[in-house]
Amino acid sequence: MQTPIPCLFMRGGTSRGPFFNEGDLPADILSRDRVLLAAMGSPDRREIDGLGGAHPLTSKVGIVRLGREPGVDLDFLFAQVMVDKPVVDTTPNCGNMLAAVVPFALETGLLQARGDVSTFRVLTRNTGMQCDVTVQTPGGHITYEGNARIDGVPGMAAPITINFLDTAGSVCSSLLPTGRVLDTLTISDPGFGDLKVSVTCIDNGMPMVLMRAQDLGRSGYETVTELNADSELKSKIEALRLKCGELMGLGDVAAKTYPKMCLIAPARDGGNIATRCFIPHVCHEAIGVLAAVTVATACVLRGTVTEGIARIPDGSPKTVSVEHPSGEFSVELEIDPQDSQNVMRAALLRTARLIMRGEVMVPEAVWKR
């Protein structure tokens, strides 16, 4: 016997995975995580026995319920299911999967449309951050067809706008958790000796460590395949990640999916900065939503590692184009007129699509209702 669990399989931005109504999952966290691991087929590098796609971007889960705070329409819990480890991490947010939350709620009847264009407030339970999500609902029904395009996803789709209300210090204690815009660290390894690297540790929606690619002996324009095969580089990055995790107040991050690590270089395709992000040990085919927000934020702050690399427009709001391996991601940032080191608002464009609806089957030995 197996236990059927209703779910919608959805793409959100450049990620995808099953979405569940919280009431259809076990209330106990340990039981819930066992169910999610079984549903995704983890741990297994192919995730052959579940819905997972054998990659961090396609081994994600969304859990949704009606909002429980005044003014909040939906609560969203994001779960990163590790591919090859029996780990379900609900600490960080995922801005890509966030794009599919309101469509899921409309598809399942948790919410009703509010005209031809509907805006709902969503609370991300991972970090307590709130945002306003606007979707297209002509005739009172969610639509996925439109003229919006995002790099990393083929074709065109209906636009979904996300207006983040408060992202600073989502997991860390503050926007700049070390208390500085720039830190210079020395890492040592028998393979490469001592290496001094300047970094910016920052969290404006996603804990991240930004570093110049040239400081690590790379151009910053390498392909994803080249970077994933670069064991020397990955060893350096991991050594930095472990040290920065402590400095950022995150403790021992060896078994955690954050902070994300990001190589930066001057833009070369018309954007403002070029990036290669690791999540945290695999190079991202594009860039995460909140990672893009955090990188863009570093670009507009004085004195960060991006200074002299990023080309930033004048005025406010500023639109920062973040180049990544499969295109670019534009983030609109509104700067505090009284404090140029304070970012008041971040807004961006995503798309989403319902791929499949049905039930995922979980072995009764994992969960018997």
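As a starting point, this report considers the structure included with it. (Residues numbered from 1 in each chain as written. Predicted model: local features only at pLDDT ≥ 70, side-chain atom pairs only at ≥ 80, totals over all residues. Heavy atoms only, no water.)

## Focus on empty space enclosed by the protein
Per the stated rule, a full pass over the model turns up three cavities of 30 Å³ or more. Roughly 200 Å³ of internal volume is contained in the largest cavity. Taken together, 18 residues make up the lining of the largest cavity; nearest its centre are K60, M206, K260, I279 and G288. No other element matches helix α6 (residues 289-300), which puts three residues into the lining of the largest cavity. (1 Å grid on protein atoms, 1.4 Å probe; cavity = no way out; pocket = protein on both sides within 12 Å on 5 of 7 lines; lining within 4 Å. Points joined across faces, edges and corners; volume = space filled by probe spheres on them. Helix = DSSP H or I, 4+ residues; strand = E, 2+ residues; numbered from the N terminus.)

## Observations concerning the nonpolar core
Counting 66 residues, the largest nonpolar core has F19, F76, V122, F164, L210, V295 and L333 as the members making the most contacts within it. Broken down by element, the residue count for this core peaks at 10 residues, all from α6. Leaving out residues up to four positions away in the same chain, F19 has contacts with C7, L8, M10, G62, V64, F76, M97, A100, V101 and F104. The next biggest cluster of nonpolar side chains, apart from the first, holds 25 residues, and it includes V199, L216, L227 and I237. (Core = buried A, V, L, I, M, F, W, Y, C linked by side-chain atoms within 4.5 Å. Buried < 20%, exposed > 50% of the residue type's maximum accessible area, 1.4 Å probe, protein only. Contact = heavy atoms within 4.5 Å.)

## A short note on the pairing of strand β11 (residues 207-212)
The buried fraction of β11 is high, at six of six residues. Here strand β10 (residues 193-203) pairs with β11 via five bridges, running antiparallel. Directly across from T200, in β11, lies its bridge partner L210. The antiparallel pairing of β10 with β11 creates a hairpin that spans three residues between the two strands, and G205 there sits at a positive phi of about 115°. (Pairing = 2+ DSSP bridges.)

## Digging into the packing of aromatic side chains
The final tally for this structure, using the stated rule, is two aromatic pairs. Aromatic side chains F19 and F76 sit 6.3 Å apart centroid to centroid with 15° between the ring planes, which places their arrangement in the stacked category. Of this pair, F19 sits in strand β2 (residues 15-21) while F76 sits in strand β4 (residues 74-81), and the two are 57 residues apart along the sequence. Note on accessibility: F19 and F76 belong to one class, buried. Judged by centre distance (5.9 Å) and plane angle (35°), the rings of F19 and F104 are tilted. A residue pair is termed long-range when its members are at least 10 positions apart, and F19 in strand β2 and F104 in helix α3 (residues 101-108) qualify at 85 residues. Residues F19 and F104 agree in their burial class; the two are buried. Connected via pairs of aromatic rings, a cluster forms that spans F19, F76 and F104. (Phe/Tyr/Trp six-rings, centres within 6.5 Å; stacked < 30°, edge-to-face > 60°.)

## Brief notes about the layout of surface pockets
Of the pockets and cavities examined, the largest pocket occupies roughly 260 Å³. P56, M82, V83, D84 and V282 are the residues nearest the centre of the largest pocket, which is lined by 16 residues in total. When the residues that make up the lining of the largest pocket are grouped by side-chain class, the tally is eight nonpolar, four polar and four charged. Taken as a whole, the second largest pocket encloses approximately 200 Å³ of empty space. Breaking the lining of the second largest pocket down by element, the ones donating at least two residues are α6 and β16 (339-350). (Nonpolar A, V, L, I, M, F, W, Y, C, P; charged D, E, K, R; others polar.)

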